[in-house]
Amino acid sequence: VLPDVKPVNEKEVDLQFKVEEKSTDQANMSAGWSERDRMIGSIGIGMNNLFGNGQRLNFDWTFGRFYRSFQVGLTEPWLFDTPTLAGFSFYDTKRDAFYIGYKQQSRGLSLQLGRRMRWPDNFFRSDLIYRIDETSLSNFSEFILNLNPNGIATEQWPLTSSSITYIISRDSRDRPEFPTSGSQFAFQNEIAGTILGGNVGYHKHNFSFKGFYPMFWKFVLYSNTEFGYLDGFSADSRIPYLELFFIGELQKLLEIGREGVLG
């Protein structure tokens, strides 16, 4: 390998290498059978260098007797030859009442714009995400009708959410998989409704911190701290059930989770 060395200043140089392009595309497919769900499977396609400049296109389709979901997204990681990320993602999900205690139909679109920051250091980045989605729940089981958590069974469905999320994060891990040092934190703030439209209104804030501390031999001490806050703008604000915080077994039973947010 013979790099072309180009001085930038007294302390830095640019190294240019001649390389041969190789495909980094991925495809996966799985299938199975169960007595309850019958035929189940998934198909996924990921193109990690779509136009030769690192653009990523992904498609995922998961299906079963009581469940069907697909998602498609496109990401440009280096917009206008700057450390700026832009992308979009669309998803559509359907779940049968037998699967989770109620029938769910959700679809949504998200747009993302992010940039790596130089201050306070280049480990920081900021992201701005606009999301609009519509969710409708119906065919509630007797358990859900009797419990009626947060008025889910008496809500006037569908709910349309239009929101903007701002995220500031810092990632100084030495490597993304099995890190041995560094830290990772994110502060996320989301506002839905008001002038953005839709028929829900809330503000939601999440903070998370993960630290990795070398101990002895190959052992690493890992710490994880997370907390969040969610509230409406008024006493009459409608907060989607799927945006609430869940914990423990109730989460496994009732929480659906939200699709379509860009990674």
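Residues numbered from 1 in each chain as written. Predicted model: local features only at pLDDT ≥ 70, side-chain atom pairs only at ≥ 80, totals over all residues. Heavy atoms only, no water.

This paragraph deals with the overall build of the chain. Within the chain one finds three helices and 13 strands. A burial count over the chain gives 29% of its 263 residues as buried. For the chain, restricting intrachain contacts to residue pairs at least 6 apart in sequence, the fraction spanning at least 24 positions comes to 47%. Only carbon and sulfur atoms are counted for the fraction: they give 58% of the accessible area of the chain, which is about 17,300 Å². Separation of charge centres in the chain, based on 27 positive and 31 negative side chains, amounts to 2 Å. (Helix = DSSP H or I, 4+ residues; strand = E, 2+ residues; numbered from the N terminus. Buried < 20%, exposed > 50% of the residue type's maximum accessible area, 1.4 Å probe, protein only. Contact = heavy atoms within 4.5 Å. Areas by Shrake-Rupley, 256 points an atom, 1.4 Å probe, with all protein chains shown as cover. Lys, Arg positive; Asp, Glu negative; His and termini not counted. Charge placed at Lys NZ, Arg CZ, Asp CG, Glu CD.)

The next subject is the environment of Asn199. Looking at the element boundaries, Asn199 is found in the loop between β11 (182-192) and β12 (202-214). Among the residues examined, Asn199 registers a relative accessible area of 29% and is labelled partly exposed. Each C-alpha atom, one on Asn199 and one on Ile100, is 25 Å from the other, the two residues being 99 residues apart in sequence. Here Asn199 is in contact with Pro158, Leu159, Thr160 and Arg238, once residues within four sequence places are set aside. Within polar-contact distance, the side chain of Asn199 engages the backbone oxygen of Pro158 at 3.3 Å. (Polar contact = N/O pair within 3.5 Å; in protein donor to acceptor, adjacent residues only side chain to side chain.)

A few words on the packing of aromatic side chains. This model, assessed by the stated rule, comprises nine aromatic pairs. Between the aromatic rings of Phe124 and Phe185, the centroid separation amounts to 5.9 Å while the plane-to-plane angle is 75 degrees, which identifies the pairing as edge-to-face. Highlighted residues: Phe124 in strand β9 (residues 124-138) and Phe185 in strand β11, separated in sequence by 61 residues. For the pair Phe124 and Phe185, a shared accessibility class is recorded, and that class is buried. Taken together, a centroid distance of 5.1 Å and an interplanar angle of 25 degrees make the contact between Phe212 and Tyr222 stacked. (Phe/Tyr/Trp six-rings, centres within 6.5 Å; stacked < 30°, edge-to-face > 60°.)

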